[in-house]
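What follows is the residue order along each chain.
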Amino acid sequence: MLARRSWIAGAIATAATAADSPWTIVRRPDDATLIADLSAGEGVLAAVAGPKALLSLDEGVNWTSPNLPDRASSIFALSPADLWLVGAEGLWHSTDAGAGWKRRLDQTGLERVYFLNPEHGFACGAGRTILESADGGESWKRVAAADEPDTAAAYTVYHWIHFVTPRAGIITGTSRPPRRGNTGVLPAWRDPLAHVRRREWPGASITLETRDAGGVWKHSTTSLFGRISRVRYSRDGHGLAVVEFHD
């Protein structure tokens with residue numbers, strides 16, 4: 001996992017510069033606390049950390065710092081005006097590009113939200129939680145398939161949602177119970193940096209896939225070092241996954 005820097009950098013490919021250098025670097029060097037989430041959707045770039053945010057509705061040309069109603073962990077854009085924010089206390093919705101927010105779900109522990117259209121969306125997070133709404137976020141129901149993997153709910157987190165098409169989607173998660181016992185030769189007070197030298201230990205990597213817009217989800221679980229924190233697929237079936245290692 002790359003270290004978090006004191007700037008936000010977004011690489012944007014443009015046809016005009018493809019001949020020599022196809023990348024433009026966008027930087028904001030004055031805030032070390034922001035965490036980039038540069039793929040909010042529909043040309044929207046977002047970076048959030050707690051009560052702070054940077055938001056671009058035009059692929060990085062212009063940036064604003066909207067007021068947030070909650071300590072945020074991620075933003076999803078159905079369109080540049082239609083934004084969803086995952087906060088510490090629930091889900092928030094804006095229909096005016098972040099100028100005003102309305103809370104649509106009062107629940108802690110959520111990490112991501114994804115809407116296929118203005119009515120149909122999903123949210124996921126800690127406690128083996130996957131939720132679905134069919135009425136624009138007015139009401140939510142738990143997705144039963146979230147509880148099918150044989151992992152402890154207390155240590156299972158679903159943290160990523162991505163749809164390749166309006167029907168084909170994927171949700172990834174991980175279950176990683178804490179390591180128990182004294183794994184070092186010396187007691188902790190004699191060797192306080194022992195955790196830095198400890199090897200990674202595997203957890204359960206969970207994947208749920210749907211081919212019918214969430215009507216049916218099929219899950220698979222495998223042992224994996226680290227966690228799959230980001231997944232992107234193209235329509236031709238090729239994809240990329242980011243694996244983040246814990247230690």
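Structural data are supplied above this passage.
About the cut-offs
Residues numbered from 1 in each chain as written. Predicted model: local features only at pLDDT ≥ 70, side-chain atom pairs only at ≥ 80, totals over all residues. Heavy atoms only, no water. Helix = DSSP H or I, 4+ residues; strand = E, 2+ residues; numbered from the N terminus. Buried < 20%, exposed > 50% of the residue type's maximum accessible area, 1.4 Å probe, protein only. Contact = heavy atoms within 4.5 Å. Areas by Shrake-Rupley, 256 points an atom, 1.4 Å probe, with all protein chains shown as cover. Pairing = 2+ DSSP bridges. Axes fitted to C-alpha atoms, helices over the stretch in contact; angles between N-to-C directions. Core = buried A, V, L, I, M, F, W, Y, C linked by side-chain atoms within 4.5 Å. Phe/Tyr/Trp six-rings, centres within 6.5 Å; stacked < 30°, edge-to-face > 60°. Salt bridge = Lys/Arg side-chain N within 4 Å of Asp/Glu carboxyl O.

Asks: Would you take a moment to explain the overall build of the protein for this structure?
Replies: Looking only at helices and strands, one finds 1 helix and 19 strands in the protein. Every one of the 247 residues in the protein was classed for burial, and the buried ones make up 41%. Relative to all contacts within the protein whose residues are 6 or more apart in sequence, the contacts with residues 24 or more apart total 40%. If you sum the accessible surface of the protein, you get close to 13,600 Å²; carbon and sulfur atoms cover 54% of it.

Asks: Sorry if this is basic, but what is going on with the sheet that holds strand E17 (residues 217-224) here?
Replies: Across a sheet, strands are paired by hydrogen bonds formed along the backbone, either parallel or antiparallel in direction. Read across the open sheet, the 4 strands follow the order E14-E15-E16-E17; overall the sheet is antiparallel. Looking along the sheet, the strands with just one partner apiece sit at the ends: strand E14 (156-163) and E17. In this sheet, adjacent strand axes meet at a mean angle of 20° when their direction is disregarded.

Asks: Looking at this model, I keep getting lost on the nonpolar core. Mind explaining?
Replies: A general feature of soluble globular proteins is that nonpolar side chains tend to end up buried together. Core analysis: the biggest nonpolar cluster contains 26 residues, and Leu91, Val113, Ile130, Trp140, Tyr158, Leu208 and Trp217 have the highest contact counts within it. For this core, the secondary-structure elements that each account for two or more residues are strand E7 (83-87), strand E10 (110-115), strand E11 (121-125), strand E12 (129-133), E14 and strand E16 (203-210). For this core, the element with the highest residue contribution is E10, accounting for 4 residues. Formed by 13 residues, the second largest nonpolar core is a distinct cluster that contains Val48, Leu68, Ala72 and Leu83.

Asks: Can you walk me through the sheet that holds strand E13 (residues 141-142) in this structure?
Replies: Taken in spatial order, the 4 strands make up an open sheet running E10-E11-E12-E13, and their pairing is antiparallel. Either end of the sheet is taken by a strand with one partner, and the two such strands are E10 and E13. Bridge count between E10 and E11: 5 bridges; the pairing is antiparallel. Residue pairing for E11: Val113 is matched across the bridge by Ala123.

Asks: Is there a simple way to explain the environment of Gly226 in this structure?
Replies: Its place among the elements puts Gly226 in the loop between E17 and strand E18 (227-233). Considered as a pair, Gly226 and His246 are 20 residues apart in the sequence and their alpha carbons are 5.9 Å apart. Among residues more than four places away in sequence, those in contact with Gly226 are Glu200, Val243, Glu244, Phe245 and His246.

Asks: Sorry if this is basic, but what is going on with the packing of aromatic side chains here?
Replies: Geometry of an aromatic ring pair is reported as the spacing of the ring centres plus the angle between the planes. All chains considered together, the criterion is met by 8 aromatic pairs. Note on Phe163 and Trp217: the rings are 6.3 Å apart at their centroids and 80° apart in plane angle, and the pair reads as edge-to-face. With Phe163 in strand E14 and Trp217 in strand E17, this residue pair connects regions lying 54 residues apart in the sequence. Pairwise contacts between aromatic rings join Phe76, Tyr114, Phe122, Phe163 and Trp217 into one cluster.

Asks: How do you make sense of the pattern of salt bridges when you look at a structure like this?
Replies: Opposite charge on two side chains allows them to pair when their charged atoms are near. In this structure the tally under the stated criterion is 7 salt bridges. The salt bridge partner of Glu209 is Arg211, with a shortest N-O separation of 3.8 Å. By relative accessible area, Arg211 is classed as exposed at 63%. Between Glu244 and Arg227 there is a salt bridge; the shortest N-O distance is 3.6 Å. Of this pair, Glu244 sits in strand E19 (residues 239-244) while Arg227 sits in strand E18, placing them 17 residues apart in sequence. Through salt bridges that share partners, Lys102, Arg104 and Glu138 make up one connected network.

Asks: Where do I start with the pairing of strand E4 (residues 44-49) in this structure?
Replies: Look at any regular strand and the pattern is simple: side chains alternate between the two faces of the sheet. Across the 6 residues that make up E4, a large majority, 6, are buried. Of the two faces of E4, the one carrying Val44, Ala46 and Val48 and the one carrying Leu45, Ala47 and Ala49 are both buried. Sheet topology places E4 next to strand E5 (residues 52-56); 5 bridges connect them, and they run antiparallel. In the strand pairing of E5, Ala49 is matched with Lys52. As consecutive antiparallel partners, E4 and E5 are separated by 2 residues, and within that stretch Gly50 has a phi angle of approximately 60°, a positive value.

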